[in-house]
Every structure is written in C-alpha cells, then in structure tokens.
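Structure at a glance
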Amino acid sequence: MSNEHIIVGLEIGTSQICCVVGDLRSDGTIRIIGVGTAPSRGVRKGEIVDFETAGTCIREALVDAEEKSDVMIGAVYLGVSGAHIESFNNRGAINIPEQRDEIREEDFEDVQASAREVSIPSGNSLLHSILQHYYVDGQDGVLNPVGLLGRKLEADFHIIHGVTYRIQNSIRCVKEVGPEVLEVVFNPVASAQVVLDQNQKSLGALVVDIGGGTTDFIVYVDGVLKQSGCLPIGGDHITNDISLGLRIPMARAEKLKIGEGSAIVGASAPGDMIVLKDETGFAGREIEREMLNTIVHCRVREIFELLKRRLDAAGNVSYLAAGIMLTGGGSQIPGIAQLAEEIFAMPAQLTFAHAVSGATSAFENPRYSTAIGLIKYAAALQPERPKSLFSRVLRKLSFLWSWIF
Amino acid sequence: MISLDRNRATAARQDLRIAIVGLGGAGSTVLDRLVLDGLSGASLVAINTDAQALAGSVAAEKIQLGRSLTRGLGAGGDPEIGFLAAKEAVGEIRAVLADAELVILCVGLGGGTGSGGARLVAELAREQGAKVVVVATLPFTFEGRRRAEQAEEALAAVQRDADLTMCFENDGMGDAVAPLAGIQDAFSAADQTISQAVRALAGLARRRGLMHLGFDELATILRFPSEAAPRCYFGFGEADGANRANDALARALKNPMMDKGRLLDGAPNVLVNVAGGSGMTINEVQILMEALNRHVGEETRILFGVAVEPQMGEKMSVTILCALPADPAVVRLQPAREIAIRPASTRRAEPESAIEEPAAPRDFPEPTEETADFPPADDELEHLPVVASAAPVPPPKRTEAKQEQMLLDPVARGRFERSEPTIVDGQDLDIPTFLRRNVKVK
C-alpha cells in the first residue's frame, strides 16, 4: 500500500487520544483503515499540562493505530483546541493594479494576506483563514471573481488564531514521539467536515463538540463558516461536579456519569435510588437519581447558555435553520439534545462521522468525530494541489487563446 | 414556684409515669401515629373539641372540650373558642394528669383547639407537679399568614408554662417528601417525625443509660438568646446487621429535617443518643461518632449519651436533635409580650424571667444527682468520646440563621484545583454549576 494516500488524523483530547488512519482512494472517497485510542493523561481543558505523560499517551494511541491499520505513521494532521484559541471575521481588500481591470488568481492571495494582516495579538499565530464571501467593487454574492472586471476586490475571512507557544507545545509533543505534523487544525473545523453536509451548511447549523475538557463549537450560515470557538468546559467538569456533589472519587463519578447520568431533571421517580457498589461489594451507598441528574443538568445547561450567549453576541442564533448538531464524547449523555432544544429553541440532534466509508460502524461514535474530520479536512486539501495546478495551466491556455483571437 | 420532690423523681426513674397528651386535631393524629409505631409505658390522652375526631382516636383516655360551648364541633380555627372550651373541662384534665410525672403535650399550633388550649393544659399539668414538655408544630407556610400568627402567639404563651418547648416547622418536615408526593404524604411525614421525637423524648426520660442524657441536656440544646422558641430539628435512625452503626446514622441523617447532616453544621449544640442491645460494641459507637463528627462544625458541642437496652436485641438506634434559632422572617410575626389569650393565672410572679430563659431546667434535679445513682457498670466504657456530659454550659452564643448552601471554598474546584481558572463574567466555571447557582442538591 502506497503511503501517499494514507492520511492520519490525531486528536489529543482531554479524556482520550484518538488517532484515525484513513486511505484516500483515487475516486475521492475516504476509507477508514483503523482507529487507535489511548486514555489521555497530562491534558487539561484540551491543553497539554504534563509533557512527558502526554507524550507517552500519544505514543500508545499511535502504536494502537499502527497495529490496527498495519500502516507506519509518518505524519499526522493534528487537531488542537483550548481556551486560547479565538476567532473573528475580517474583511480584506485590495485594489486591482491600474494597468489591468480583470481579477486574477494571484489577487486572491493578496486579499487573503490583507485580511490576515490585521490585529492578531503579537504572541498568537494564525491557524486558519477561511474564505466567506467575495465582493467586487462593493457588490456581494460573488462566488468566483476570477475573470470579472473590477477595481476593488474584497473578501471576508474567518480568522482563527491561538497562542503560538501553546500550539507549538502540542506540535512538539507529537514530534518528540515521532511523526511529523503536516498541519494544525482547530478541532471544530475538522468535526464540521464530517458532521455537516453541504445542505446543512447552507441552511445554517451549529455544531457543538462536547469533549472531555472543552466544548468546541462552529457555526455555518449560508454555507460559510461564520463563527467558531472553544469553551474550556467539558465532560471532565461534569464528572468533577458529580464527584464534589456526591462526595465520591473521580473514577466512580465518571462511571456514574456514563452509566446513570442524564441531563433531564424531574423525569425520575421520587426516591429512585442508585446503589453504588464498591469493587468488593462492600459499603453500598445509595444516591438519589434526581440528585445526580440535577448536577449534570446544571452543568450542561450552563454550557449551552454560555454558548447561546456567544452566538447571540454575534447575532447568529436566528440563522440556524438546520439546527444544532451535537457530537463529541460528552454528547452521549442522555437527554442532552432535549436540553439543547429547550435552551436554543431549535431542533438538536446527535451526530457522528458518517460521510466516510470503510469499517465505519465501529467508528460511528461521536467520540471519533474530530479525528475522522481531520482526515476529511486533509483529504479536501490533497487533490486540490494537482487540480489547481492543472486548472491554472488550463486557464493560462484559455487566456492565451482569447488573446490570440 | 412548684418544687418537685427530688427523691420521688429519682427513685421512680425506672418507672416514670408519662402522660402523652394529644391536643387538638394534629395532636390526636400524633397519638394515633405513636400507637401505630408501638409505644408502651405511657398513658395516652386525647383532648379535642371535635367529638367525631375524638371518637376515632385510639388513645385510652379521651377528653372532650367544650361540650356546651361547641357542642361536639371543632373550635373552627378560633383560639379564643379553643381556650374557652378547654376551660370548661379543667376538672377532667386535672383528673387525667393527676399522677403523671412527665407530661408530653403534642399540639399542632395555628388552629383553634391546639392554639387556644395548649397554654391551659400546660399550666394544669404544671400545677399537678409534672414536668411539661411541649412538642409543637407550626403550620405550613401555605396555610396562610393568619394561622402562622396564631401559632406564634400560642407558642409564646405555652412556652411560659412548659419546662421545655420543642418546636418543629411543618415546612421543614414537608421537605421530607418529594415535591410530587401528595399533601397527605406531607402531613403524614410531619406526624411521623413528631412521633419519633416524642418516642425519643419518652425514651430519654425513662432510660438510664451508661452515659445518661436528661432534660438538662435537652435544655442546653434548646437554649438560645432569642425569645422565640428555637426550631428543633430531629433525626432518628434504627438499623441492624453488620453495618448497623453506619446504617443507623445514615438513616438518622436521611431524615429530611437533617438535610443530610448539613444542617448540623450550623447548630451550636447537638444532642446524640445512641441506644442498642447488649451486643452493641464500643467500636460501633466509636465508628458512629466519628462518622457523625464529620457532619458537625468545629464549634459544635456534642452532647452524647449511650444506653443499653436488652430488649433492642440486635438493633442499634441513633437519635440526633439540634435546634437553630427561628427564622428571622418568622420571628417578626411574633407579637409583643402581651398575649391575646391570657387565662386568669396569678401563679406566676415574674413571667419575664421565664421568657428570657425559656428552657432553663428550673425544677429539675441536677444532672450529677441523676447519674450518681447509677454509676457506669462497665469501667471500660469510661474512655468513650464524651464531649460534654457535665461540662459547664458556655454562655449562649448568637448563631445566625444559616441559609442552606455549601461553602464556596477552594476545595470546590476539585480536579481543576491547580489548573488555570476559567473566568467568565466573574464566575469561576471550574466550580460546579450547582454550587454557584445555589441549586439545592439534597
């Protein structure tokens, strides 16, 4: 198997490290060959806090993925998250040089550069600048301005940036283990690739990826990325709340959250008790189900309320016709979609990566959305290079053609 | 002042004559409940204006009030009528209470018979030379402001003649049941709590423990600087089996009035009585007390008693009682000293002093004398974790009525203790949401 078509996505999450190996086939489809996971340690709120330990865990996940896919992993696409990552929309503008009226391909890069130039804090680096719209001489709705005549080309970009050192920490940690990092991708940008289809993007949708340490979100309106961000609250916080509220150890709280917790209050019968059994079967303690659910409910409600506030501030809430897509490990809490619907007053559903082929049923789990999304993201980049080169030549030819005649 | 014959009191300890009086509708219900739960060794007296309700009572002795005044109907929620009706039956009440040494008066305040008659019954009992303990319940808030005011007036009145007043808020006991449960369950939960409290009281009075708790300790619990009767909170748990010490405590704390033990944190004094069969080991008592200590504040004094009762067999029981000052909002309802209903009583020369120390053990034998007759049988038990059995009572400390909430100490960050805090709008999001929003998690 040629290594050229192998794409590897690596997500260093707070609760698990997930490494997905995919094969990009010539017809453009992606086949998932193997998924390696390892429980994550040394990561808090999506960021590495213990370099050594995190490195060990990354190695475990990579080895697991190599064993399962029978592929040597040489380079990865790395997903990052963390509260330091911020985003905003910015418009870049250039004037077309005096001597020509037609907008050419190279103008794109100039306009993108002009959009990037602005106001990223000095310690930060750019992660993504994603095109939203073009304007030619103030006229919007231009899909592809190449070949159009105009004096001024403007373009809106969604700029995502983060603190340089923190991003470099993640990259270094992976490099220490072995593989090269081809590109760094903000997690929700990756998960949106597999969670949303083009139709949903056009209608307008919110993707909420509730992970272990962070809740990442991304908003698409009119088919373009409008807003993205990261709340440093996640499933870990729910577990922590349960642990503190019920005075039980974290490990026990985690089990309880996964096995029994629900985000809906008032649904359990009064006096419905959960018996906590020790490993030895000793000292069984009883916990009221309603109490557990109240704790989970409060936290999840707060996450959604914070998100809603962020969306409200950007004025995006009323444009989400396709509703909310919930993904990530934290979305597996029962009743979470119902709660999201209640708070946002729009339909919400659970989703996972489904736009890939292969042994997917095993990976149809919201926990893998980001890592699989990384592959999809990478795949979208791959064929573009030869194709764009080809089209450029073609365009040059056609230009020549028109010039001749 | 009536003085009690001390010799008689101590000699008759083993066989203390207790009369439990249920006055009014609520009082009678408590009596029924007591019989259901099985109480022996006390005479039960039901007193009511409502003849029909009285006929349905299981008490051995019944007194109908106001035969000519209300003609077998109830007092209609009017304390004035309740009082006048009770006055008609003064002779009968005297006769019934004649040889009682301890009268436990159960009464639900706020209505007619209970609010009106309580003071009179207490006074009569006192004149007979009995100790009087009033176990009163205050109406639910939803019963209305008028009833709350009547209850507060009656409480202030009855307090003067009672040696001890234990006052329970129905509201607190109503929390016992889930919000979805029927109103009947709410009332029955209240009755059950009162019944347990009365049983525990009778038990305290009769038992001669290895480490005895008596009325003086009870008085300490109930002593507060404020004039209004403090609100009592009570938990009782009984269990058998291998883990009976922990189970019994857990059940006692599970009583909703205890709020999972959180409430104990605010009480200046907590009374704990542990009773068990002869098989109860010192280790179990220690386990239990250590577990309990985790729930009480550092400043809290624990008044601790142990009693061995062979008839309990394999069982072990824990009684926890504490009192907190009345909710300031409720205290405001209390009228001035002048009580509307004043029976013609010239007996008391200085009622003011009685109010200042509502629960002082005025006529009771000293604790040391009580226990002196029964030295601990087993010397090994001497190193039990006694916190206070004969220690001088510290000056009453003003405790603020505490709102139910956990302290927002740094511990609340849990595993995010050392991580970078996530501050949004001035709130540290790492602290559990339910804590920051004061959501009550039982």
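This brings us to the overall build of chain B. Secondary structure assignment for chain B yields 16 helices and 12 strands. Across the 442 residues of chain B, 54% fall into the buried class. Taking the contacts inside chain B whose residues are at least 6 apart along the sequence as the reference set, 77% of them involve residues at least 24 apart.

Here the focus is the side chain of S129 of chain A. Residues and elements named next belong to chain A. Structurally, S129 is set in strand β8 (residues 124-136). Exposure remark for S129: the relative accessible area of 13% places this residue in the buried category. Among the polar contacts made by the side chain of S129, one reaches the side chain of Q112 at a distance of 2.8 Å. Leaving out residues up to four positions away in the same chain, S129 has contacts with Q112, R116, F157, H158 and I159.

If you look at the interface, chain B gives 30 residues, while chain A gives 27 residues. Interface area lost by chain B to chain A is led by R415, F416 and F434 of chain B, which between them contribute 26%. The interface formed by chain B and chain A holds 4 salt bridges in total. Two residues, E305 of chain A and R437 of chain B, come together in a salt bridge whose shortest N-O distance is 2.9 Å. Summed over the shared surface of chain B and chain A, the result is 8 residue pairs in polar contact (both at pLDDT 80 or more). For the side of chain B that touches chain A, the element with the highest residue contribution is helix α16 (residues 433-436) of chain B, accounting for 3 residues. Looking at the side of chain B that touches chain A residue by residue, the classes come out as 14 nonpolar, 5 polar and 11 charged.

Residues and elements named next belong to chain A. Counting residues in each nonpolar core, the largest one holds 65 residues, and the members touching the most others are L10, I12 and I58. Examining the composition of this core, we find that 7 residues originate from one element, helix α10 (residues 369-381), more than from any other. Aside from chain neighbours lying at most four places away, what touches L10 is I17, C18, C19, I58, L62, V76, Y77, L78, G79, V174 and L374. With 47 residues, the next largest nonpolar core counts M291, L320, I343 and M346 among its residues.

For the structure shown, the criterion picks out 21 salt bridges over all chains. Here D107 of chain A makes a salt bridge to R100 of chain A, at a shortest N to O gap of 2.8 Å. Here D107 of chain A and R100 of chain A have matching classes, each one buried. With a shortest N-O distance of 3.9 Å, E302 of chain A and R437 of chain B are connected by a salt bridge. Highlighted residues: E302 of chain A in helix α8 (residues 289-314) and R437 of chain B in the segment after α16, drawn from two different chains. Relative accessible area serves as the criterion here: at 35%, R437 of chain B is assigned to the partly exposed category. One continuous salt-bridge network, built from bridges that share partners, spans D241, R299, R301, E302, E305 and E342 of chain A together with R436 and R437 of chain B.

Residues and elements named next belong to chain B. At a closest axis distance of 9 Å, the pairing of helix α6 (residues 113-127) and helix α7 (residues 145-159) adopts a crossing angle of 5°. Relative to α7, α6 is oriented roughly parallel. Across the interface between the two elements, S115, A118, R119 and A122 of α6 pack against Q150, A154, A157 and V158 of α7. Its residues assigned to classes, the contact of α6 with α7 comprises 5 nonpolar, 2 polar and 1 charged.

This part covers the pairing of strand β14 (residues 224-231) of chain A. Residue and element names in this part refer to chain A. Taken across its 8 residues, β14 has 7 buried, putting it largely inside the fold. In terms of strand pairing, strand β13 (residues 215-221) meets β14 through 7 bridges, oriented antiparallel. Considered in β14, the bridge of V219 is made with Q227.

Residue and element names in this part refer to chain A. Across the sheet, 5 strands lie side by side as β14-β13-β12-β17-β18; this open sheet has mixed pairing. This sheet does not close on itself; its edge strands, each paired only once, are β14 and β18 (348-350). Between one strand axis and the next, the sheet turns by 20° as a mean value, whatever way the strands run. Contacting β12 (205-210), β13, β14 and β17 (323-327), α8 runs over the sheet at an angle of about 140° to β14.

Once that is clear, we can look at the packing of aromatic side chains. Residues and elements named next belong to chain A. If you walk through the whole model with that rule in mind, you get 2 aromatic pairs over all chains. Ring plane angle 20° and centroid distance 5.1 Å describe the contact between F108 and Y134, whose orientation is recorded as stacked. Placement of the pair is F108 in helix α2 (residues 105-117) and Y134 in strand β8, with a sequence separation of 26 residues. Classification of F108 as buried rests on a relative accessible area of 18%. The exposure class of Y134 is buried, given its relative accessible area of 8%. Ring centres of F304 and F344 lie 6.1 Å apart, and the angle between their planes is 80°; on these two criteria the pair is classed as edge-to-face. Linking F304 in helix α8 with F344 in helix α9 (residues 336-344), this pair joins segments that are 40 residues apart in sequence. Accessibility classification places F304 together with F344 in one group, the buried group. A cation over an aromatic ring shows up here: R91 above the ring of Y135, its NZ or CZ 4.1 Å from the ring centre.

Here the focus is the sheet that holds strand β7 (residues 86-95) of chain A. Residues and elements named next belong to chain A. Reading across the sheet, the 4 strands line up as β7-β10-β8-β9 and stay open at both edges, with antiparallel pairing between neighbours. Strands with a single pairing partner mark the edges of an open sheet, and in this sheet they are β7 and β9 (139-142). Strand-to-strand twist in this sheet, taken as the mean axis angle between neighbours without regard to direction, amounts to 45°. One ladder, built from 11 bridges, connects β8 with strand β10 (residues 152-163); its direction is antiparallel.

Let's shift gears to the environment of D163 of chain B. Residue and element names in this part refer to chain B. Within the element layout of this structure, D163 appears in the loop between α7 and β6 (164-169). D163 sits in the buried class, given a relative accessible area of 2%. Put simply, D163 and V133 are 30 residues apart on the chain and 5.8 Å apart in space, counted from C-alpha to C-alpha.

The rules behind each value
Throughout this description, residue numbers start from 1 for each chain and increase along the sequence as written. Whichever chain is written first is A, and whichever ligand is written first is 1; the rest continue in order. Per-residue local features are limited, in this predicted model, to residues with pLDDT of at least 70; the limit for side-chain atom pairs, both in listing and counting, is 80 or more; totals at the level of whole chains, interfaces and linings are taken over all residues. As a rule here, side-chain values come from all non-hydrogen atoms in the structure, and water together with hydrogens is ignored. Under the scheme used here, helices are H or I runs from DSSP no shorter than 4 residues and strands are E runs no shorter than 2 residues, and both carry numbers assigned from the N terminus. Accessibility here uses a 1.4 Å probe with only protein chains present; expressed as a share of the type maximum, an area under 20% marks a residue as buried, one over 50% as exposed, and anything in between as partly exposed. Note on definitions: a residue-residue contact is assigned when non-hydrogen atoms from the two residues lie within 4.5 Å. Polar contacts, as counted here, are pairs of nitrogen or oxygen atoms within 3.5 Å of one another; within protein the pair requires one atom able to donate a hydrogen and one able to accept it, and residues that are adjacent in sequence qualify only if both atoms are side-chain atoms. Buried area counts how much accessible surface, traced with a 1.4 Å probe, disappears from two parts once they are put together, with both parts' losses summed. We define a salt bridge as a side-chain nitrogen of Lys or Arg found within 4 Å of a carboxyl oxygen belonging to Asp or Glu. In this classification, Asp, Glu, Lys and Arg are treated as charged, Ala, Val, Leu, Ile, Met, Phe, Trp, Tyr, Cys and Pro as nonpolar, and every other residue, Gly included, as polar. Here, the term nonpolar core denotes a set of buried Ala, Val, Leu, Ile, Met, Phe, Trp, Tyr and Cys residues that are joined through side-chain atoms within 4.5 Å. In this analysis an axis means a line fitted to C-alpha atoms, helices contributing only their contacting stretch, and an angle means the value between N-to-C directions, from 0 to 180 degrees. Roughly parallel covers angles under 35 degrees, roughly antiparallel covers those over 145, roughly perpendicular covers 65 to 115, and oblique covers all other angles. Two strands form a pair only when DSSP identifies at least two bridges running between them. The aromatic pairing rule takes the rings of Phe, Tyr and Trp, using the six-membered ring of Trp, and pairs them if the centres are within 6.5 Å, calling planes under 30 degrees apart stacked, those over 60 edge-to-face and the rest tilted. A ring is scored as having a charge over it whenever the NZ atom of a lysine or the CZ atom of an arginine sits within 6 Å of its centre and within 35 degrees of its normal.

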